[in-house]
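Structure assessment
In case you want the letters, here they are:
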Amino acid sequence: MKRLLIVGAGGFIGGFIAREGLNRGYEVWATVRSTTSLRYLDDERIHIVTLDYDDPDQMAVTLDKEMPGDTGWEYIIYNLGATKALDFPEFNRVNFQYLRSVGEVLKSIGCTPQIFLFMSSLSVLGPGDEISYSPLDANMIPQPNTRYGVSKLKAEQWLEFQSGLPWVIFRPTGVYGPHDKDYKMMIQAIDSHVDFGVGYRKQLLTFIYVEDLVSAMYDCLAADPEKVTRKKYIISEKRAYTQKEFRDIVAAELNRKVVLPVVLPLWATYGASYVAEKIGRLRLKPSTLNRDKYNIMKQRNWNADTTDAERDFGFNPRHSLRDGIAKTVAAYLAEKNNK
């Protein structure tokens, strides 16, 4: 069996990665923190590995003990990361320093996979063309305007120039699906007959359904390593949507005939983000609304070019936004009705 290590399997996407790996015939190891819920990692075939990412010595001992055979895992998907944090040092610790520590530990125990797939983000590229709205592409010079994007870019650059690993970098756009918390908040708002938007200029949004993202991971792992390693790929549905299109699709699935669109000016959104971030720091808990999130919301062009992924490993998402939202809303309603 092909042996796969998923680093950071406890989040929204991790359970989907593990399940698809089993479905495709991989033997799957999944690393989690001691506090991680195993709700979506409950298949007894998954080898659960508990790591302390702040302790490289503990990671080395544990991974060396778990490592199968003499050479270890043929494939590694690195899915560990933080999308919100109290400050840049926290982003830097989780998104950059943890990657560096894990990479150095893997080399120290003699495990060099055929492919090391790193989950980055479209946010590393920063604002695109907001005049002609030409698509973001993987060959652009990154100019991140968020602390999150900067920390992910640092991780990318370590992989590229210092790691010695056969890396592949995925830069997905907004990932949604069952169990996701961020898009769930938007669905809940529309369920309450309100949809909040930011800014009055035209905005193009892109999405990728979680199952399509995970399928792309495994299609990439199955490709010729010489064809895909040391490359960066944007992962997105092939078309962009407006906020109104997103709202109409969600409202239709929720059977909400009337939804009030509330558009906040950028200055008001920034003020609210600043205050929410300060309150989060006082509470020592990252706020969903913060200045990083503000920079993401104000960006007008998330249009994306996936040509490279289509060419190199046949990327072709099966779910349109309408298809993916139908599954996501169904899961949301099932959870809501079971409370």
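Source: prediction; values computed, not measured. (Residues numbered from 1 in each chain as written. Predicted model: local features only at pLDDT ≥ 70, side-chain atom pairs only at ≥ 80, totals over all residues. Heavy atoms only, no water.)

Core analysis: the largest hydrophobic core is formed by 66 residues, its most contacted members being Leu117, Phe170, Met217, Ile235 and Phe313. Element by element, the count of residues in this core is highest for helix 6 (residues 210-221), at 8 residues. Non-local contacts of leucine 117, meaning those with residues more than four positions away in its chain, are made with Ile76, Ile77, Tyr78, Val168, Phe170, Met217, Cys220 and Leu221. If you look at the next biggest cluster of nonpolar residues, it comprises 31 residues, including Val7, Tyr53, Val94 and Cys111. (Core = buried A, V, L, I, M, F, W, Y, C linked by side-chain atoms within 4.5 Å. Buried < 20%, exposed > 50% of the residue type's maximum accessible area, 1.4 Å probe, protein only. Helix = DSSP H or I, 4+ residues; strand = E, 2+ residues; numbered from the N terminus. Contact = heavy atoms within 4.5 Å.)

Let us now look at the sheet that holds strand 10 (residues 231-235). The strands making up a sheet are joined through hydrogen bonds of the backbone, oriented either antiparallel or parallel. Pairing within the open sheet is parallel, and its 7 strands lie in the order 3-2-1-4-5-6-10. Edge positions in the open sheet fall to strand 3 (47-50) and strand 10, since each of these has one partner strand only. The average angle at which neighbouring strand axes cross in this sheet is 20 degrees, direction not considered. Where strand 1 (residues 2-7) meets strand 2 (residues 26-32), 6 bridges bridge the pair, whose relative direction is parallel. (Pairing = 2+ DSSP bridges. Axes fitted to C-alpha atoms, helices over the stretch in contact; angles between N-to-C directions.)

Before going further, it helps to examine the packing of helix 2 (residues 56-66) against helix 3 (residues 88-108). Helix-helix packing is characterised by the crossing angle of the two axes and by the distance between the axes. At a minimum axis distance of 10 Å, the contact between helix 2 and helix 3 shows a crossing angle of 45 degrees. By the criterion of interaxial angle, the relationship of helix 2 to helix 3 is oblique. Crossing geometry of helix 2 relative to helix 3 is assigned as right-handed. On helix 3, the residues touching Pro56, Met59, Ala60 and Leu63 of helix 2 are Ser101, Val102, Val105 and Leu106. By residue class, the composition of the contact of helix 2 with helix 3 is 7 nonpolar, 1 polar and no charged. (Parallel < 35°, antiparallel > 145°, perpendicular 65-115°, else oblique. Left-handed = near helix turned anticlockwise from the far one by under 90°. Nonpolar A, V, L, I, M, F, W, Y, C, P; charged D, E, K, R; others polar.)

This structure, assessed with the given rule, holds 23 salt bridges. Among the salt bridges present, the one from aspartate 292 reaches arginine 147, with a minimum N-O distance of 3.4 Å. Linking aspartate 292 in helix 10 (residues 291-298) with arginine 147 in helix 4 (residues 147-163), this pair joins segments that are 145 residues apart in sequence. When its relative accessible area of 7% is taken as the criterion, aspartate 292 is described as buried. When its relative accessible area of 19% is taken as the criterion, arginine 147 is described as buried. In this structure, the salt-bridge partner of aspartate 248 is lysine 244, at a minimum N-O distance of 2.7 Å. Here aspartate 248 and its partner lysine 244 are both found in helix 8 (residues 243-254), 4 residues apart, which amounts to about one turn of the helix. Taken together, the shared-partner salt bridges in this structure form one network comprising Arg147, Glu277, Arg281, Arg291 and Asp292. (Salt bridge = Lys/Arg side-chain N within 4 Å of Asp/Glu carboxyl O.)

On to the pairing of strand 5 (residues 115-119), then. Within a regular strand, side chains alternate between the sheet's two faces. For strand 5, a buried count of 5 out of 5 residues is recorded, marking the element as mostly surrounded by other parts of the structure. Residues Ile115, Leu117 and Met119 of strand 5 are buried on one face, and the alternating residues Phe116 and Phe118, pointing to the opposite face, are buried as well. Summarising the sheet, strand 4 (residues 75-78) and strand 5 pair through 4 bridges and their orientation is parallel. What sits directly across from isoleucine 77, in strand 5, is leucine 117. Tracing the backbone out of strand 4, into helix 3 and back to the parallel element strand 5 gives a crossover that is right-handed. Pairing of strand 5 with strand 6 (residues 167-172), which is carried by 4 bridges, proceeds in the parallel orientation. (Right-handed = clockwise from strand over helix to strand, strands pointing away.)

Once that is clear, we can look at the packing of aromatic side chains. Taken as a whole and assessed by the stated rule, the structure comprises 19 aromatic pairs. Look at phenylalanine 170 and tyrosine 233: their rings are 6.3 Å apart centre to centre, the planes differ by 85 degrees, and that puts the pair in the edge-to-face class. Placement of the pair is phenylalanine 170 in strand 6 and tyrosine 233 in strand 10, with a sequence separation of 63 residues. Of the two residues, phenylalanine 170 and tyrosine 233, neither departs from the other in class, the shared state being buried. Ring plane angle 50 degrees and centroid distance 6.4 Å describe the contact between tyrosine 183 and phenylalanine 246, whose orientation is recorded as tilted. Remark: phenylalanine 246 occurs in helix 8 and tyrosine 183 occurs in helix 5 (residues 182-191); sequence separation between them is 63 residues. Like tyrosine 183, the residue phenylalanine 246 is buried in the burial classification. One residue, arginine 19, lies across the ring of phenylalanine 16, its end atom 4.9 Å from the ring centre. Here arginine 239 stacks its cationic end above the ring of tyrosine 241, 3.9 Å away from the centre of that ring. (Phe/Tyr/Trp six-rings, centres within 6.5 Å; stacked < 30°, edge-to-face > 60°. Lys NZ or Arg CZ within 6 Å of the ring centre and 35° of its normal.)

Quick look at helix 12 (residues 321-337) now. With 17 residues, helix 12 should cover 24 Å at 1.5 Å per step; its first-to-last C-alpha distance of 24 Å lies within 8% of that length. Those residues of helix 12 that fall on the buried side of the exposure criterion are Leu321, Gly324, Ile325, Thr328, Val329 and Tyr332. Buried positions in helix 12, seen along its axis, are confined to an arc of 125 degrees and lie on one side of it. On its buried face, helix 12 is in contact with strand 7 (174-176), helix 5, strand 9 (207-209) and helix 8. (Expected span 1.5 Å × (residues − 1). Arc of directions from axis to C-beta.)

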